[in-house]
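Read off the chains here:
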Amino acid sequence: MFAYYSKWIPRFSEKIRPLMNSKSFPLSKEATSAFSKLKRDIANSLLVCVDPKFPLVVETDASDVAISAALTQNGRPVAFFTRTLTESEKKYPAIEKEATAIIESIRKWRHFLCNRHFKLITDQEALSFMFNLQHTSKIKNDKIQRWRLEMSCYSFDISYRPGSLNKVADALSRICGATNHDELYNLHKSLCHPGVTRMYHWIKSKNLPFSLEEIKQITSACPVCAELKPRFYKSQENHLIKATRPFERLNVDFKGPVPSNTKNTYILTIVDEYTRFPFAYPCRDMTSATIKTNLYNLFSIFGTPAYIHSDRGTSFLSKDLINYLHTQGIATSSSTPYNPQGNGLVERYNGILWKTMSLAMKNKGLETSRWEEVLPESLHAIRSLLCTSINCTPHERMFSHARRSTNGIAIPSWLANPGKVLMKSHVRTSKYSPLVEEVDLIEANPEYALIRRANGKEVTVSLKHLAPTGDSSIFGREESTGQDHSFESDPAVPHVSEVPVIESNSFPNPVLTEEQRRSQRERKLPLYLQDYISK
């Protein structure tokens, strides 16, 4: 590939010499540096302005794991495209993989190719016949026939070039297939450890060469996510959106007291119901005057909302605050007593915000008391990443005005085999103590699991209190030792996203002793049987 673009790289023979002289792998530092410089030279040689007088050329190729294409004009690169194949696309026959590379590249560069004649080059000779629009014969493959109809609106000449001469696209398809998983994990850490959905949305929006399966694998195996975001077993979740437009209804609540190296020991969290756009203000106290000051600053930027909902905190129910809001034309309401679910949206975002800050502090090695240093970037991450409740990011919406069936219950694969799992800590010395403890899973059914604690005691627990552990060995280096290891995918190991279905009547319940089966609580007769005497 470097030789193909050598005429656009100054002093090419001098720069390529360390690579040519290298005869061992891994490469030396000098060869690695030369490789990086040549890649930068190719990127700098891209044609900035496309000349409409000369035709464009699209070169495509596909490997077993990726597809790629290069857009050139007069032999000079204009743009490159590559991505890994999904699990279903990997099962395509070779001709359909090559066709996928053609159709995906044309879709990506549609703004270049519309209303102009271009040349299409592929190393699959059969496709050069099938996609030739001058042929009127019917194609037997329905999928390729549909793609052929999609390409009928373009003006192009397709030609065959042997794979040995298709250097650029061939190299890109293999580079993408050998992507280092450490790069994806570092990106996952820099975004404050988002989940699969939001991480995949970010990857697609930035057109990065990572597949959904790779994101699932990295996210599920992240030890930091497993510890601070334990994935307890849940049957289903329900979501409710009440507002109909941005800044119509706001939910407010306090978080704290939290450890702090300043006098700000509370966080005032405000969430817009419609957009899920969060605001957070460090506060010294929870008085109504503090709330009024922060709300005034918020209203001065975004205007006044129609409705504000809160819990039954003393400061939120004070006459001073309610009168202030009513004079601004803002209606107020509060949740019912002893029912935090009534203010569930902002309660949930209190947890999301603190989790995001905890992950950011863990990455930077900061103490918990220095949470104010990571508050801005945590808010930025929450606002920029996908919110699954609204199927878009909060920023876009604000400013762009385990399955049950008849044959059994599905449980995750990490519950199907004995091993290490995380169990919820029900007794904690403070709310900043660890959320989970590591235990040994002995066996599980779709309702309960038998586990062994660190002290050797075996107990039965509900599945909703269990979560999987992270697996740091999947990454290219161990976090604790700093040693580098190459990532290898073992086909014999099942994918972490595989979910086996276990029938309720086919899995035995955990074997419990008589002592475990009996409750230790003292049993008393009901009042109406106190005068009853048994013989």
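Residues numbered from 1 in each chain as written. Predicted model: local features only at pLDDT ≥ 70, side-chain atom pairs only at ≥ 80, totals over all residues. Heavy atoms only, no water.

## Some remarks on the overall build of the protein
For the record, the criterion: Put simply, DSSP marks the helices as runs of H or I at least four residues long and the strands as runs of E at least two long, and each gets a number from the N terminus on. Buried residues are those whose accessible area, probed at 1.4 Å on protein chains only, stays under 20% of the maximum for their type, while exposed residues exceed 50% and partly exposed ones sit between those limits.
Per the secondary structure count, the protein includes 17 helices and 18 strands. Across the 535 residues in the protein, those meeting the buried criterion constitute 41%.

## Some thoughts on the environment of Asp440
Convention followed: Whether two residues are in contact is decided by their heavy atoms, any of which lying within 4.5 Å being enough.
Along the chain, Asp440 falls in strand S14 (residues 436-444). With 11 residues separating them along the chain, Asp440 and Ile451 place their C-alpha atoms 5.5 Å apart. In contact with Asp440, not counting residues within four places along its chain, are Gly419, Lys420, Leu450, Ile451 and Arg452.

## Things to note about the packing of aromatic side chains
For any two aromatic rings, the description comes down to two numbers: the centre-to-centre distance and the angle of the planes. Rules: Classification of ring pairs rests on two measures: the distance between centres of Phe, Tyr or Trp rings, Trp counted by its six-membered ring, which must be within 6.5 Å, and the angle between planes, read as stacked under 30 degrees, edge-to-face over 60 and tilted in between. Any Lys NZ or Arg CZ that is within 6 Å of a ring centre and within 35 degrees of that ring's normal is treated as a charge sitting over the ring.
In this structure the tally under the stated criterion is 11 aromatic pairs. Seen in terms of ring centroids, Phe118 and Tyr154 are 6.4 Å apart; in terms of plane orientation they differ by 75°. Their pairing is edge-to-face. You can see Phe118 sitting in strand S4 (residues 117-122) and its partner Tyr154 sitting in the loop between helix H6 (142-150) and strand S5 (155-160), a full 36 residues away along the chain. Exposure class is identical for Phe118 and Tyr154. Each is buried. Ring geometry for Phe277 and Phe279: centres 5.2 Å apart, planes at 55°, overall tilted. The two residues Phe277 and Phe279 agree in class, both being buried. In this structure, Lys143 is placed above the aromatic ring of Tyr92, and the distance from its NZ or CZ to the ring centre is 3.7 Å. Looking at Arg249, its charged tip hangs above the ring of Tyr307, at a distance of 4.6 Å from the centre.

## Looking at the sheet that holds strand S7 (residues 266-272)
Put simply, the rule reads: Paired strands are those between which DSSP finds at least two bridges. For every element, the axis is a line fit to its C-alpha atoms; helices are fit only across the contacting stretch, and the angle between N-to-C directions ranges from 0 to 180 degrees.
Judged by pairing direction, the sheet is mixed, and its five strands sit side by side in the order S8-S7-S6-S9-S10 without closing on themselves. What marks the edges here is a single partner per strand, and that holds for strand S8 (278-283) and strand S10 (331-334). Strand-to-strand twist across the sheet, computed as the mean angle between neighbouring axes with direction ignored, equals 20°. The pairing of strand S9 (residues 307-310) with S10 spans four bridges and is classified as parallel. Its bridge partner lying in S10, His309 is registered against Ser333.

## A few points about unusual backbone geometry
Here the amide bond leading from Gly256 into Pro257 is cis, since omega sits at 5°, within 30 degrees of zero. Tracing the backbone shows Pro257 in the loop between strand S6 (249-255) and S7. Non-glycine residue His193 carries a positive phi angle of around 55°. Mapped onto the fold, His193 is located in the loop between helix H8 (181-190) and helix H9 (196-205). His193 gets classed as buried once you look at its relative accessible area, which sits at 1%.

## Observations regarding the packing of H8 against helix H10 (residues 212-221)
To keep things clear, this is the line we draw: In this scheme, a crossing is called left-handed if the near helix is turned counterclockwise away from the far one by less than a right angle; it is called right-handed if the turn is clockwise. All amino acids are sorted into three groups, where Ala, Val, Leu, Ile, Met, Phe, Trp, Tyr, Cys and Pro are nonpolar, Asp, Glu, Lys and Arg are charged, and the leftover types, Gly among them, are polar.
Orientation of H8 relative to H10, taken along the N-to-C sense of each, is 65°, at an axis distance of 10 Å. Once H8 is placed against H10, the crossing between them reads as right-handed. Listed contacts from H10 to His181, Leu184, Tyr185 and His188 of H8 are Glu214, Ile215, Gln217, Ile218 and Thr219. Partitioned by chemical class, the residues of the contact of H8 with H10 number four nonpolar, four polar and one charged.

## Focus: the nonpolar core
Selection rule: Residues grouped as a nonpolar core are buried Ala, Val, Leu, Ile, Met, Phe, Trp, Tyr and Cys residues, joined through side-chain atoms within 4.5 Å.
Grouped together as the largest cluster of nonpolar side chains are 31 residues, with contacts concentrated most on Leu113, Phe118, Leu120, Phe131 and Ile144. For this core, the secondary structure elements donating two or more residues are strand S1 (56-62), strand S2 (66-73), strand S3 (76-84), helix H3 (94-108), S4, helix H5 (125-130), H6 and S5. It is H3 that contributes the most residues to this core, six residues altogether. Sequence-distant contacts of Phe118, defined by excluding residues within four places in its chain, comprise Leu56, Val58, Ile106, Leu113, Tyr154, Ser155, Phe156 and Asp157. Listed in part, the 24 residues of the second largest apolar core include Tyr349, Met357, Leu366 and Val374.

## Considerations on the confidence of the model for the protein
So the rule is basically this: On a scale of 0 to 100, pLDDT captures the predictor's confidence in every residue.
This prediction gives the protein a mean pLDDT of 80; 83% of its residues lie at or above 70. Here residues 402-407 is modelled with pLDDT under 50, and outside its nearest four sequence neighbours on either side it reaches seven contacts, counting other chains as well. In the predicted structure, residues 478-509 sits below a pLDDT of 50 and forms 50 contacts with residues beyond four places in sequence or in another chain.

## Brief notes about the sheet that holds S14
The five strands lie next to each other as S16-S15-S14-S13-S17, forming an open sheet whose pairing is antiparallel. Strands at the two margins of the open sheet, each flanked by one partner only, are strand S16 (458-462) and strand S17 (466-468). On average, each strand axis in the sheet is tilted by 50° relative to the strand beside it, whichever way the strands run. Relative to strand S15 (residues 448-452), S14 runs antiparallel, the two being bridged by four bridges. Its bridge partner being in S15, Glu443 is matched across the sheet by Leu450.

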